[in-house]
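# Summary of structural features
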Amino acid sequence: MARHSLDLTLDPVGDAVVRGCWQRLHAAGLASPHGHASTSNRPHVTLAAAAKMSADLAAQAGSAVEPLLPVPVELGEPATFAGRALVLHLPVVVPDELRTVVDGVRRAAQDPRADEPWAPHVTLVARLALKDLQRALAVVEEEPPGAVVLAGLTWWDPQARTVTRLVGPDAGRVEHHP
């Protein structure tokens, strides 16, 4: 089942930095979100994900997060999550105030991982073969991303196939994705 998600988005400069990583990975023949054409495919930090989410809950999350944005954050060294697939990502170092708000939003959203510590990150490759890990790390480390700015919050509704901009530029705008 597709999950709803609340995602922190980057300002245009940070967005371009991460897209540059995606493009370099793609140019090196590695899987990356670079080739995904949907406008819903943008660099982001997932704040919460759940099977169900109401518009009221999304609006409450927006109200809780808005006073903290925009916020400069550091992108850490490339790292991986292991699971069904290897995920190459950049950890995001966020201020404690944001972490506290996110913990509350995750509980309210009934995110199944709400009892686990939040691991803010920007995904670079969602399904990386172990044999490609060293090459992918080398590509990302050629131009380490550094600092970016978290500037907005969006809500992905997989049933309606919409992205609603809750906070930041174009707040209130709804994008439909066929």
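So, here is what we can say about the structure in this document.

## Re the pairing of strand E3 (residues 71-75)
Taking every second residue as pointing to the same face, the buried face of E3 carries Val-71, Val-73 and Leu-75, while none of Pro-72 and Glu-74 on the other face is buried. Bridge count between E3 and strand E7 (residues 147-157): four bridges; the pairing is antiparallel. Bridge pairing in E7 places Val-71 opposite Leu-150. Pairing of E3 with strand E5 (residues 86-93) involves two bridges; the strand directions are antiparallel. Considered in E5, the bridge of Glu-74 is made with Val-93.

## Side note on the layout of surface pockets
Taken as a whole, the largest pocket encloses approximately 1,800 Å³ of empty space. In this structure, the largest pocket is lined by 42 residues; those nearest its centre are His-44, Thr-46, Arg-113, His-121 and Thr-123. Of the residues in the lining of the largest pocket, the class split is 22 nonpolar, eleven polar and nine charged. When its volume is computed, the second largest pocket comes out at roughly 230 Å³. Taken together, 15 residues form the lining of the second largest pocket, with Thr-9, Leu-10, Asp-11, Arg-165 and Pro-169 sitting closest to its centre.

## Notes on unusual backbone geometry
Here the amide bond leading from Leu-69 into Pro-70 is cis, since omega sits at -5 degrees, within 30 degrees of zero. The topology assignment puts Pro-70 in the loop between helix H2 (55-65) and E3. In the Ramachandran plot, Arg-161 falls in the positive-phi region, its phi being about 55 degrees despite a non-glycine side chain. Tracing the backbone shows Arg-161 in the loop between E7 and strand E8 (162-167).

Here is what the cut-offs are and how they apply
- Residues numbered from 1 in each chain as written.
- Predicted model: local features only at pLDDT ≥ 70, side-chain atom pairs only at ≥ 80, totals over all residues.
- Heavy atoms only, no water.
- Buried < 20%, exposed > 50% of the residue type's maximum accessible area, 1.4 Å probe, protein only.
- Helix = DSSP H or I, 4+ residues; strand = E, 2+ residues; numbered from the N terminus.
- Pairing = 2+ DSSP bridges.
- 1 Å grid on protein atoms, 1.4 Å probe; cavity = no way out; pocket = protein on both sides within 12 Å on 5 of 7 lines; lining within 4 Å.
- Points joined across faces, edges and corners; volume = space filled by probe spheres on them.
- Nonpolar A, V, L, I, M, F, W, Y, C, P; charged D, E, K, R; others polar.

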